[in-house]
Each structure stands twice: as C-alpha cells, then as structure tokens.
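Chain and residue survey
Here's the letter readout for the chains.
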Amino acid sequence: MRKIAITFFLFTLFLMSCEKISSPIVQTVSYEIVTRKSVILTGEVINESDGVVTKMGFCWGTNPSPTLSDSFSENQSGLGVFTENVSNLTYGQEYFFRSYAVDDKGTQYGKTLSI
C-alpha cells in the first residue's frame, strides 16, 4: 500500500510540474472586395492564452499557405477584431490570405482563404 501511495504522489507531482504551453487563437474572418485591385480583410484574435500578442495582421500572396515571408501587414496588438485594406493586387490573379498573431511562443496562423 505504501508503494502505491508513493507512486501516486510522484505521478501527481510530475503532472503538476508539467507546464502547459498554449498559443493565441486567431481567426481569418472574412474579406470584402472593394475594387478589382483591392480587398478589405477582417481577422480576430479571440484568446491570448498564456502569452501576450505583440503583433497581429495578415499575410497574403500567390502561395496557397502564405507566411510572414510573403506580403504582410502588421496591425495593433492584443485581443479583438482587426482589418486591413490591401491594394495594388493584380486583377485576375488568385491570392491567398490568412491572419496571424505573434506572442513569445511564436506565430500562429488562422485559416487560409482565397480570392
């Protein structure tokens, strides 16, 4: 019985010492076509989780999985809805875009949409 109690205690101690690492939750909400060459993008940081969002915005390009290595915008930080007016797009070209949020744990991306 004593062995079971010690094992249970050590297991509980182990679980308590594990640090849960969670990242911000960011969503690509929508887009609105303004002209043949411009679009307004809307995103939202829903939860900062364990960190503080220091940057958020959108990345876009002709790559189906755009990253911050492609074209990107940088908006305010923190929680909430944010928008970006993207212009000088090439008419007839398919573009992919998604929102992103950066905290001390890294960069998280929202769902990719295309226009």
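That block above? That's the structure.
Residues numbered from 1 in each chain as written. Predicted model: local features only at pLDDT ≥ 70, side-chain atom pairs only at ≥ 80, totals over all residues. Heavy atoms only, no water.

Below, the discussion takes up empty space enclosed by the protein. Tallying each qualifying case throughout the model produces one cavity of 30 Å³ or more. Its boundaries defined by the atoms lining it, the largest cavity holds a volume of some 30 Å³. In terms of lining, the largest cavity is formed by Val39, Leu41, Trp60, Val86, Leu89, Tyr95, Phe97 and Ile115. A breakdown of the residues in the lining of the largest cavity according to their chemical character gives eight nonpolar, no polar and no charged. (1 Å grid on protein atoms, 1.4 Å probe; cavity = no way out; pocket = protein on both sides within 12 Å on 5 of 7 lines; lining within 4 Å. Points joined across faces, edges and corners; volume = space filled by probe spheres on them. Nonpolar A, V, L, I, M, F, W, Y, C, P; charged D, E, K, R; others polar.)

By size, the foremost hydrophobic cluster in this structure holds 15 residues, and its most contacted members are Leu41, Val45, Trp60, Phe82, Val86 and Leu89. Elements with a contribution of two residues or more to this core: β2 (38-47), β3 (55-61), β5 (80-86) and β6 (96-103). If sequence neighbours within four positions are ignored, leucine 41 has contacts with Ser30, Tyr31, Phe58, Phe82, Thr83, Glu84, Val86 and Phe97. (Core = buried A, V, L, I, M, F, W, Y, C linked by side-chain atoms within 4.5 Å. Buried < 20%, exposed > 50% of the residue type's maximum accessible area, 1.4 Å probe, protein only. Helix = DSSP H or I, 4+ residues; strand = E, 2+ residues; numbered from the N terminus. Contact = heavy atoms within 4.5 Å.)

Now for the sheet that holds β2. Ordered by their spatial adjacency, three strands build an open sheet running β1-β2-β5, and the pairing between neighbours is antiparallel. Two strands in the sheet have a free side with no partner beyond their single neighbour: β1 (25-35) and β5. Geometrically, the sheet is characterised by an average inter-axis angle of 20 degrees between neighbouring strands, direction not taken into account. Where β2 and β5 come together, seven bridges link them in antiparallel fashion. The residue bridging isoleucine 40 from the neighbouring strand is asparagine 85, located in β5. (Pairing = 2+ DSSP bridges. Axes fitted to C-alpha atoms, helices over the stretch in contact; angles between N-to-C directions.)

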